[in-house]
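Next come the chains, spelled out residue by residue.
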Amino acid sequence: MSSRQKKPPPVGGARTPTPAPLTGDPILRSTSRAVFALVLLFAFLLLWRGHNAPGGGFIAGLMTTCALVLHRIAHGTSALRTDPARLVPWGLALSFGTGLVPYLLGRPFLKSDYGYITTALTGEFEWATALLFDLGVFLVVVGASLAIVYALLDVQPQETVEGDE
Amino acid sequence: MTLAAFFPFLIAALCAWLGPRLGRRTGYVAAAAFLPALLLIPELLGMPGSAPALEVTRWVPELDLHLAFRGDGFSLLFAVLIGVIGTLASLYSVAYLSEHEKFGRFYAYLLCFGGSMLGLVLSDNLVALFGFWEMTSVTSFLLIGLWHTRSAARDGAMKAFLVSALGGLALLAAVALIALGGGSTSLSGLDLSALRASPFFTPALLLTLLAAFTKSAQLPFHLWLPTAMEAPTPVSAFLHSATMVKAGVVLVAKFGLIFGTSALWPAIIVPVGLATLVWGAWLALRQTDLKALLAYSTISQLGLLMSLYGLADAEGRFAATAHLLNHAAFKAALFFVVGIIDHETGTRELPRLGGLRRALPVTFAVALLAALSMAGLPPLGGFISKELFYEAMVHQGPLYLAVAVLGSTLTFAYSFRLMRVFLGPLRAPAGAQPHEAPPGLTLPAAALALTALAFGLLPGMAEALTRTAQTALNFGAYGGYLSLWHGVTPALIATVLTWALGAALVTQADRVGDLGRRLTPRTNANTVYYSLTQLVNVFASWLIARTQGLALPDQLRIMLAATAVISGYALVRAPQVFHPFGDLPLGVLPVAALLVGGAVGVLLSRNRLTAVIVTGLTGFGTAAAFLAFRAPDLALTQLLVEAVTVILFLLAFRYLPGVRDLPRTRGRYAFDLTVAGLAGIGATLLVLSSVRFLAPPISPYYLEYSYKGGGGKNVVNVLLVDFRGFDTLGEITVVGIVALAVLSLVRLGRRGRTRTEPGAPPPEDLAPDLPAARVPVTQQERP
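The rules behind each value
- Residues numbered from 1 in each chain as written.
- Chains lettered and ligands numbered in written order.
- Predicted model: local features only at pLDDT ≥ 70, side-chain atom pairs only at ≥ 80, totals over all residues.
- Heavy atoms only, no water.
- Helix = DSSP H or I, 4+ residues; strand = E, 2+ residues; numbered from the N terminus.
- Buried < 20%, exposed > 50% of the residue type's maximum accessible area, 1.4 Å probe, protein only.
- Contact = heavy atoms within 4.5 Å.
- Areas by Shrake-Rupley, 256 points an atom, 1.4 Å probe, with all protein chains shown as cover.
- Lys, Arg positive; Asp, Glu negative; His and termini not counted.
- Charge placed at Lys NZ, Arg CZ, Asp CG, Glu CD.
- UniProt positions renumbered as here; feature names shortened; annotations may be inferred.
- Axes fitted to C-alpha atoms, helices over the stretch in contact; angles between N-to-C directions.
- Parallel < 35°, antiparallel > 145°, perpendicular 65-115°, else oblique.
- Left-handed = near helix turned anticlockwise from the far one by under 90°.
- Nonpolar A, V, L, I, M, F, W, Y, C, P; charged D, E, K, R; others polar.
- Pairing = 2+ DSSP bridges.
- pLDDT = per-residue confidence, 0-100.
- Expected span 1.5 Å × (residues − 1).
- Domains from an automatic or database assignment.
- Salt bridge = Lys/Arg side-chain N within 4 Å of Asp/Glu carboxyl O.
- Polar contact = N/O pair within 3.5 Å; in protein donor to acceptor, adjacent residues only side chain to side chain.
- Phe/Tyr/Trp six-rings, centres within 6.5 Å; stacked < 30°, edge-to-face > 60°.
- Lys NZ or Arg CZ within 6 Å of the ring centre and 35° of its normal.

To continue, consider the overall build of chain B. Helix and strand counts for chain B come out as 35 helices and two strands. Taken over 783 residues, chain B has a buried fraction of 49%. Here the analysis covers contacts within chain B between residues at least 6 apart in sequence; of these, 78% occur between residues at least 24 apart. Taken as a whole, chain B presents about 35,300 Å² of accessible surface, with 70% of it coming from carbon and sulfur. Side chains of chain B carry 53 positive and 39 negative charges; the gap between the two charge centres is 8 Å.

Okay, structure coming up:
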């Protein structure tokens, strides 16, 4: 922990209320270009395999958030076209809907179902309605955390701290 | 019936979507929402003979929670009433609302309200009944506050909600007590004798009455109803005539079968109802706003209904049910009439209006019929039900009869006062061109007024409708019948006396007004309400100033000290904590060292960036600990949460100035050290105590069934999405709400993007926007 060395204030520009620009760093841009798709892919893998191995909607959502934030910081624009807060109600509706369907069919609320399909191409393949529920969780987590991060990214502080200037 | 209660909610969602697209025509779709309720009519007509249908949808059988709807005569009668008035109100609002209204919102609220009301009257399960009861409070709050830019509407909505929420809490307690005492949550399945013998009987009775009185605006809770008229007029008509305010009456009518045997029941309800009748009518007589007059008149009429149902005998229930129908017909018609007057002249002030009978002949005819029914004149329905009311009060003794005559006299007087807008020379505000309203407004009103007339001319029809409720309300043995002429009875003499006194009041209106001004008390329910709410505000500001105004470190001190105290108390109460000290898992010591290193590092770091990163170290250390305990799922989650947290911290800290060494006195330093140490030790001991298993572990069950039942090999995930999916659903709801809260907090200080300086790049383009947005705000704001 090198914190004991007296360093000059970091990039954050701690002495002024105006932080250094977040975007436009060439190294960050090229790294992000390489990493972004990879992280997203891994996130989807986590979501997919969550039923049988470590993973799941929550984790995948957080990882997707990290990828999107990286993209947003590096390029200044988001790879996501819609307002992330809009994902939250859709995710909630999806999760609730998957719970409601078995209820309407006369089984307990949220009872999940699964089965196996065997095709020549993929071999035995398991499907589970829990994946849909997990997808809802994923959407909510991505929407909520991204909404918070984006809101903080372009916040404009209205008050200045005493003794600042 | 289940469909009748839930169909309006479905259509409400549809209307919310259609509103911006169809505009005012959404009302025609909304009117269709009450169709299933109207389809109950055949069932209603066969009612005194056939057995009530029971529809049960199971929800949580273990808790005796079902969505049970029972179509007995009284419930069906009321449901059809709601359906009829709801349909008429929806159609009326098509013509009434202005082009700029938010139609989607309006109709969605209106239908949700109608649906909750239908659920309330049809519900057989006590818990569901309470749920629908609260939903009527919430939806009426939304309806009253529809024009939320007006402070009066906000105030009215808040008042209505506070008062009826108070009653709602009372009802919740009452429902719990009744279910405990009666051994069932089903209204029809209650063990009445067990309930009457149980100690819960009297408290449940009192709580039920509190709920009914607040909802039906009985003294002294009448204050919310007049301000509830801030809602658009079609809503007022619906609220006042058929639904919301009658919920309390319904409760008294239905629960009268449970509590009616107690002497306390009539002893409380009848005096309160009669006092409300007189006081409400007296206040109505003195209003100058037409809608306010009708609002106080509703209070008064509810008092009448309350007192009759409160008698808890066959005669009272019969008379009350007859009057319930009459009241719904004439009150809704009058509200529609007032809406027409408002619509045509632009004012509802009595002194500014007069002689409208020539300009609005149809409206005049409608108003005349409805007002005569309200005043209790033959040959209208109101006359018959008032005769029954007197008949019932004659049997209660001369005092009650005298009060009833007084109340009816005042009712007579204010009914005629209302008609003054149509009489005399033409008076209307300058610029108003009153002429007959479009048929969309007059037809619903006319239909209701003709119903009021039909109830009088064809008493057999009204009686048949009233009789449908006889089994449900237990007045089968009552021999009374509806007729315009019963012969010369004490009731008829009282009626003639009422007319004479009423006519005197009408002719001496000026003197009555003077008397009223002199008699106005300085304190009334409203001043009490406002001083109470003011008191709460003052107390809240005081509390906030004392606790929330502190510097952040001080708030942290308070929180940590509280943690230390609470954990200390827990440890004192549960000393067996110290048992598991023997087998500390030594393998995780390196991880522990990492955690401690992180914690100490934070203290030593001199700038914020380092501090955040070092704090992250503790998080990653925790992830390592999870790995050491073989929980890869948790470790993965912890890692990612930590990463996002660090990002959030860094983003939030960009705008803060650098850390300076805080001037800390030696004493405060020692205090901080003690508090931090105690909180840490307490938390550690609490965690250790939870390691001790007091019951056989549940994990083998999950290990066994996660593949068998859920089809997944990852137990944690199956647990999250299947076994405890409901928890997860709740958690993601919380996550979503938190995101919305943070968004609104962060955007709170922002006054829209238009305030960036002219010449700045367009705000949608985020890349160039970021540096531009960082021009110090102080420079933008200073002129």
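Now, onward.
With that settled, consider the overall build of chain A. Scanning chain A from N- to C-terminus turns up four helices and two strands. Of all intrachain contacts in chain A linking residues separated by at least 6 positions in sequence, the fraction that spans at least 24 positions is 62%. Per element, the accessible surface of chain A, about 8,900 Å² overall, is 66% carbon and sulfur.

UniProt feature "transmembrane region" (unreviewed entry): in the numbering of this structure it lies at residues 34-51, 57-75, 87-105 and 125-153 of chain A. Across residues 125-153 of chain A one finds 83% helix and 14% strand; the C-alpha atoms that close the span lie 42 Å apart.

All names here are of chain B. Look at helix α5 (residues 73-96) against helix α20 (residues 439-457): their axes get within 7 Å of each other, and the N-to-C directions meet at 155°. Between α5 and α20, the crossing angle belongs to the class labelled roughly antiparallel. Crossing geometry of α5 relative to α20 is assigned as left-handed. Within the contact between the two elements, α5 uses Ile85, Leu88, Leu91, Tyr92, Ala95 and Tyr96 and α20 uses Gly440, Leu441, Pro444 and Leu448. Looking at side-chain class alone, the contact of α5 with α20 contains nine nonpolar, one polar and no charged residues.

Moving on, we get to the pairing of strand β2 (residues 65-71) of chain B. All names here are of chain B. In the sheet, strand β1 (residues 53-60) pairs with β2 via seven bridges, with the strands oriented antiparallel. Paired with Val60 across the two strands is Leu65, which belongs to β2. The loop that links β1 with its antiparallel partner β2 comprises four residues; one of these, Asp64, has a positive phi angle of about 60°.

Let's shift gears to the confidence of the model for chain A. Residues and elements named next belong to chain A. Here chain A shows a mean pLDDT of 77. Residues at 70 or above account for 78%. Considering only residues more than four positions removed or in separate chains, one finds that residues 1-16, a stretch of pLDDT under 50, has 24 contacts. In the predicted structure, residues 161-165 sits below a pLDDT of 50 and forms four contacts with residues beyond four places in sequence or in another chain.

We now examine helix α29 (residues 632-653) of chain B. The end-to-end C-alpha distance of α29 of chain B, which contains 22 residues, comes to 31 Å, matching closely the 32 Å that a straight helix rising 1.5 Å per residue would cover. Turning to α29 of chain B, its buried residues number three or more, namely Asp633, Ala635, Thr637, Gln638, Leu640, Glu642, Val644, Val646 and Leu651 of chain B. Residues of α29 of chain B that are buried make contact with α2 (57-75) and α4 (130-153) of chain A together with α28 (608-628) and α32 (715-723) of chain B.

With that out of the way, let us pick up the domain arrangement of chain B. Partitioning chain B into structural domains gives domain 1 (262-520) and domain 2 (603-654 + 699-735). If you average the C-alpha positions of domain 1 of chain B and of domain 2 of chain B, the two centres end up 66 Å apart.

Following the UniProt record, one finds the feature "domain: NADH-Ubiquinone oxidoreductase (complex I) chain 5 N-terminal" (unreviewed entry) at residues 62-107 of chain B. Counting secondary structure, residues 62-107 of chain B comes out at 63% helix and 15% strand; the distance between its end C-alpha atoms is 37 Å.

Turning our eyes to something else, we now look at the pattern of salt bridges. Residues and elements named next belong to chain B. Taken as a whole, this structure holds nine salt bridges over all chains when the rule is applied. Put simply, Arg467 and Glu463 hold a salt bridge, and the shortest N to O gap is 3.6 Å. Of this pair, Arg467 and Glu463 both sit in helix α21 (residues 459-467), four residues apart, which is roughly one turn of that helix. Assigned by exposure class, Arg467 and Glu463 land together as buried.

Our next topic: the environment of Phe42 of chain A. Following the sequence through the fold, Phe42 of chain A ends up in helix α1 (residues 26-49). A C-alpha to C-alpha distance of 8.3 Å links Phe42 of chain A and Met63 of chain A, two positions 21 residues apart in sequence.

What follows concerns the environment of Thr2 of chain B. Residues and elements named next belong to chain B. By the element assignment, Thr2 lies in helix α1 (residues 2-22). Separated by 52 residues in the primary sequence, Thr2 and Leu54 place their C-alpha atoms 9.8 Å from one another. Within the local environment of Thr2, its side chain forms a polar contact with the side chain of Glu55, the two groups lying 2.6 Å apart.

Quick look at the side chain of Ser184 of chain B now. Residue and element names in this part refer to chain B. If you trace the backbone, Ser184 turns up in the loop between α8 (151-182) and α9 (192-197). On the basis of relative accessibility, which here comes to 13%, the residue Ser184 falls in the buried class. When near neighbours in sequence (up to four residues on either side) are disregarded, Ser184 contacts Asp64, Leu126, Ala179, Gly189 and Leu190.

Quick look at the packing of α8 of chain B against helix α10 (residues 201-215) of chain B now. Between two packed helices, the angle of one axis relative to the other and the distance separating the axes together describe the packing. All names here are of chain B. At a closest axis distance of 8 Å, the pairing of α8 and α10 adopts a crossing angle of 155°. As the angle between them shows, α8 and α10 are arranged roughly antiparallel. Here the hand of the crossing between α8 and α10 comes out left-handed. Packed against α8, whose contacting residues are Val163, Ser164, Leu166, Gly167, Ala170, Leu171, Ala173, Ala174, Leu177 and Ile178, the element α10 presents Pro203, Ala204, Leu207, Thr208, Leu210, Ala211, Thr214 and Lys215 at the interface. Looking at the contact of α8 with α10, its residues break down into 13 nonpolar, four polar and one charged.

Bringing the packing of aromatic side chains into the picture now. Any two aromatic rings considered together are summarised by their centre-to-centre distance and by the angle between their planes. Tallying each qualifying case throughout the model produces 26 aromatic pairs over all chains. Taken together, a centroid distance of 6.1 Å and an interplanar angle of 50° make the contact between Phe44 of chain A and Phe138 of chain A tilted. Taken together, the residues span a long stretch of sequence, with Phe44 of chain A in helix α1 and Phe138 of chain A in helix α4 at a distance of 94 residues. The interplanar angle of 75° and the centroid separation of 5.1 Å between the aromatic rings of Tyr529 of chain B and Tyr530 of chain B together place this pair among those described as edge-to-face. Taken together through their ring pairs, the aromatic side chains of Phe6, Phe9, Phe69 and Phe132 of chain B make up a single cluster. Over the aromatic face of Tyr150 of chain A sits the side chain of Arg72 of chain A, whose NZ or CZ is 5.5 Å from the ring centroid. Lying over the aromatic face of Trp133 of chain B, Lys215 of chain B brings its terminal NZ or CZ to 5.0 Å of the ring centre.

This paragraph deals with the confidence of the model for chain B. Detail in the predicted coordinates should be disregarded across regions flagged by low pLDDT. Residues and elements named next belong to chain B. Residues at a pLDDT of 70 or more form 91% of chain B, whose mean pLDDT is 82. Predicted confidence for residues 752-783 stays below pLDDT 50, and this span has 37 contacts to residues more than four positions away or in other chains. Across the predicted assembly, pTM comes out at 0.75 and ipTM at 0.80.

All names here are of chain B. The residue after Leu219, namely Pro220, is reached through a cis peptide bond having omega -5°. Relative to the elements of secondary structure, Pro220 occurs in the loop between α10 and α11 (224-227). Phi at Ala217 is positive, roughly 55°, even though this residue is not glycine. Secondary-structure assignment places Ala217 in the loop between α10 and α11. When its relative accessible area of 0% is taken as the criterion, Ala217 is described as buried.

This next bit is on the environment of Ala165 of chain B. Residues and elements named next belong to chain B. Looking at where Ala165 falls in the secondary structure, it is placed in helix α8. Residue classification places Ala165 among the buried residues on the basis of a relative accessible area of 17%. Measuring from C-alpha to C-alpha, the distance between Ala165 and Glu134 comes to 7.3 Å, with 31 residues separating the pair along the chain.

Residues and elements named next belong to chain B. Considering the arrangement of structural elements, one finds Ser75 in helix α5. Of the polar contacts made by the side chain of Ser75, one reaches the side chain of Asp72; its length is 2.8 Å. For Ser75, the side chain forms a polar contact with the main-chain oxygen of Val121, separated by 3.2 Å. Excluding its chain neighbours within four sequence positions, the residues that come into contact with Ser75 are Arg70, Val121, Leu122 and Lys254.

All names here are of chain B. Here helix α18 (residues 381-394) spans 20 Å end to end across 14 residues, near enough to the 20 Å set by a 1.5 Å rise per residue. For α18, the buried fraction is high: twelve of the 14 residues fall into the buried class. Listed in full, the buried residues belonging to α18 are Gly381, Gly382, Phe383, Ile384, Ser385, Lys386, Glu387, Leu388, Phe389, Tyr390, Ala392 and Met393.

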